[in-house]
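# Structure assessment
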Amino acid sequence: MEESGYESVLCVKPDVHVYRIPPRATNRGYRAAEWQLDQPSWSGRLRITAKGQMAYIKLEDRTSGFNRRYLIKDLKHQPGELFAQAPVDQFPGTAVESVTDSSRYFVIRIEDGNGRRAFIGIGFGDRGDAFDFNVALQDHFKWVKQQCEFAKQAQNPDQGPKLDLGFKEGQTIKLNIAEVLLYPGHSPSLPPLTSGETLPNLQDQLPARPSPAQAGSNSDLSTIFPHVTSGKELPRLGQRKEGEALLSWPVFGA
């Protein structure tokens, strides 16, 4: 992953204390109880910044007269200047270690830019500040890990995990398809017949077609034309009542 050209601020804590720590004689972890917690060597502000994959723990002076050399007093040092800086390339790691007897104290490895390194202890008065300090480093390196994985996948897209949509052995699937009308007048398929059951004859349910002799009677026509009552003669084309004048069309040019 390419290094970013700008520096972002991950966390700012206005109150942090620095302690001299004795050399670690064994491989067991550091213990804050072995420090002089009531006599911090320095107090100031802490900032965590990030530039690319690297994170930097910066201890910035507020009022004291210490320079960035390891706890060497300098009266010319101005407030707000950098007291010490700890580059962090991975977390957890040797650059930042937690103590074994408290969640508010850590051991960090500071560097002066000339190759000299020293381990100092830092502590927070508020447990919430120590939690924010820890989470800020965790989130940054979690982001670094994700960016590295994305870069590898972009370079080798065929090596990424492939999605298998095939059926496993013995796996089945059930589909519920609703019956719909494909076009007006179309009916869905009938359910399967049971044993001994036959389809009804639709022709037996239709009324009988009238014979030619019955077609001329008014009584039979009443069944075909319900609006015509029995006993009344239907009007026929070409006939007129007595006294009714014939309609005539005007003849132009006569």
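Since the structure is predicted, the reported quantities are computational estimates derived from the model, not experimental observations.

Calculation criteria
Residues numbered from 1 in each chain as written. Predicted model: local features only at pLDDT ≥ 70, side-chain atom pairs only at ≥ 80, totals over all residues. Heavy atoms only, no water. Helix = DSSP H or I, 4+ residues; strand = E, 2+ residues; numbered from the N terminus. Buried < 20%, exposed > 50% of the residue type's maximum accessible area, 1.4 Å probe, protein only. Contact = heavy atoms within 4.5 Å. Areas by Shrake-Rupley, 256 points an atom, 1.4 Å probe, with all protein chains shown as cover. Pairing = 2+ DSSP bridges. pLDDT = per-residue confidence, 0-100. Salt bridge = Lys/Arg side-chain N within 4 Å of Asp/Glu carboxyl O.

### Describing the overall build of the protein chain
Within the protein chain, the secondary structure is distributed over three helices and seven strands. If you list the helices and strands of the protein chain from N to C, you get β-β-β-β-β-β-β-α-α-α. Taking all 254 residues of the protein chain together, the buried fraction comes to 25%. Taking the contacts inside the protein chain whose residues are at least 6 apart along the sequence as the reference set, 56% of them involve residues at least 24 apart. Counting every atom, the protein chain has about 19,500 Å² of accessible surface; 53% of that belongs to carbon and sulfur.

### Some points on the pairing of strand β6 (residues 105–111)
Along β6, six of the seven residues are buried, which leaves the element largely enclosed by surrounding structure. Between β6 and strand β7 (residues 117–123), which pair antiparallel and follow one another directly, the connecting turn spans five residues, one of which, Gly113, has a positive phi of 90°.

### Brief notes about the pairing of strand β1 (residues 8–19)
Sheet topology places β1 next to strand β2 (residues 42–51); eight bridges connect them, and they run antiparallel. Note on β2: the bridge partner recorded for Ser8 is Ala50. Of the pairings in the sheet, the one linking β1 to β7 comprises three bridges and is antiparallel in character. Bridged to Val18 within β7 is Ile122.

### Overview of unusual backbone geometry
Cis geometry is adopted by the peptide bond preceding Pro92, which originates at Phe91 and carries an omega value of -5°. Looking at the secondary structure, you find Pro92 in the loop between β4 (82–88) and β5 (96–98).

### Here we look at the confidence of the model for the protein chain
Within the protein chain, residue pLDDT values average 75, and 59% of them lie at 70 or more. When the elements of the protein chain are averaged for pLDDT, helix α3 (residues 218–224) gives the smallest value, 53, and β6 the largest, 95. Low pLDDT (under 50) marks residues 64–77, which in the prediction has 34 contacts with non-local residues, meaning those over four places away or in another chain.

### Topic: the pattern of salt bridges
If the charged atoms of two oppositely charged side chains come close together, the side chains can form a pair. Summed over all chains, the structure comprises nine salt bridges. Among the salt bridges present, the one from Lys58 reaches Glu7, with a minimum N-O distance of 3.2 Å. Taken as a pair, Lys58 in strand β3 (residues 54–61) and Glu7 in the segment before β1 lie far apart in primary sequence, 51 residues in all. With relative accessibility at 41%, the residue Glu7 sits in the partly exposed group. One salt bridge in this structure joins Glu60 and Arg47, with 2.7 Å as the shortest N-O distance. Here Arg47 lies in strand β2 and Glu60 lies in strand β3, a separation of 13 residues in the sequence. Salt bridges sharing partners connect three or more residues here, namely Lys13, Asp129 and Asp132.

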